[in-house]
Amino acid sequence: SKHPVKIASADDENVDDLIDDILDVRLYEESKNQNGKSTSQQSCKTSGQHPSKKCCPVYLGGSSIPFGIGTSVSERACNKLRCTSCDFNIVTFDDYKWDASCDYLFFRNSMPEHSKLQTKMVRKKGARAYACQCSWRSVQQLTDLSTEQPLCWVCGKHSG
């Protein structure tokens with residue numbers, strides 16, 4: 001591993017790095033244990049006549065990643081995300097991240113009111129804050145949603 005393991009405080013700039021390390025380890029474990037039932041390998045089937053209006057793979061991304069239909073060729077962040085757990089549409093805020101003090105109750109009581117949500121947003125250039133009523137994420141880079149367990153977010157279809 002790149003960094004020695006240490007306990008991170010909420011204001012520690014290396015929290016993102018630690019999270020990345022944890023995800024890297026998990027992805028490595030998943031690829032090692034591939035016994036044909038990997039949850040992150042969702043197959044993307046599109047028939048020639050009816051091009052899919054759904055992202056595949058579904059991407060999250062920082063504020064520099066354009067919104068649109070994500071494909072393996074077109075790396076765009078989905079802006080039609082929906083949560084299958086709380087049935088809310090996911091809201092996004094460019095150049096913000098969620099404060100470390102955010103918790104389930106905060107989002108449960110604040111969604112979808114922007115004025116309430118704003119109280120726990122921290123300005124961060126290049127970041128994008130995502131939230132539904134039961135889950136939240138702050139993202140900097142292009143991120144494949146299938147690596148972000150246990151989020152229950154899906155692409156809710158794009159029109160046109």
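These numbers come from a predicted model, not from an experiment.

**Q** In this structure, what is going on with the sheet that holds strand β4 (residues 121-131)? I would like to understand it.
**A** Strand pairing in a sheet relies on backbone hydrogen bonds, with the paired strands running either antiparallel or parallel. Pairing in this open sheet of three strands is antiparallel, and the strands run β3-β4-β5 from one edge to the other. The strands lining the two open edges of the sheet, one partner per strand, are β3 (91-98) and β5 (136-139). Along the sheet, successive strands turn relative to each other by an average axial angle of 35 degrees, direction set aside. Here four bridges tie β4 to β5, and the two strands are oriented antiparallel to one another. Its bridge partner being in β5, Tyr130 is matched across the sheet by Arg137.

**Q** What exactly am I supposed to notice about the pattern of salt bridges here?
**A** Pairs can form between side chains of opposite charge once their charged atoms are near each other. Following the criterion strictly, the structure yields five salt bridges and no others. With a closest N to O distance of 3.2 Å, Asp87 and Arg82 form a salt bridge. On the basis of relative accessible area, Arg82 is assigned to the partly exposed category, the value being 29%. The partner of Glu113 in a salt bridge is Lys116, and the shortest N-O contact between them spans 3.8 Å.

**Q** Help me understand the nonpolar core, please; the structure alone is not making it clear to me.
**A** Nonpolar side chains in soluble globular proteins tend to be buried together. Counting residues in hydrophobic clusters, the biggest one holds 18 residues, and the most contacted among them are Leu60, Leu81, Tyr130 and Trp153. The set of elements that each furnish at least two residues to this core consists of β2 (81-83) and β7 (153-155). With near-sequence residues (within four places) excluded, Leu81 lies in contact with Val58, Leu60, Asn89, Ile90, Tyr130, Leu145, Trp153, Val154 and Cys155. One finds Cys102, Met111, Met121 and Ala129 within the second-largest nonpolar core, a separate group that totals 10 residues.

**Q** Even after reading the chapter, I still don't get the environment of Arg123, so can you show me in this structure?
**A** Along the chain, Arg123 turns up in strand β4. For Arg123, a relative accessible area of 62% corresponds to the exposed category. Taking C-alpha positions, Arg123 is 6.4 Å from Lys97, a pair spaced 26 residues apart along the chain. Residues in contact with Arg123, not counting those within four places in the same chain, are Asp95 and Tyr96. Within the structure, Arg123 has its side chain in polar contact with the backbone oxygen of Asp95 (distance 3.4 Å).

Conventions and cut-offs
Residues numbered from 1 in each chain as written. Predicted model: local features only at pLDDT ≥ 70, side-chain atom pairs only at ≥ 80, totals over all residues. Heavy atoms only, no water. Pairing = 2+ DSSP bridges. Helix = DSSP H or I, 4+ residues; strand = E, 2+ residues; numbered from the N terminus. Axes fitted to C-alpha atoms, helices over the stretch in contact; angles between N-to-C directions. Salt bridge = Lys/Arg side-chain N within 4 Å of Asp/Glu carboxyl O. Buried < 20%, exposed > 50% of the residue type's maximum accessible area, 1.4 Å probe, protein only. Core = buried A, V, L, I, M, F, W, Y, C linked by side-chain atoms within 4.5 Å. Contact = heavy atoms within 4.5 Å. Polar contact = N/O pair within 3.5 Å; in protein donor to acceptor, adjacent residues only side chain to side chain.

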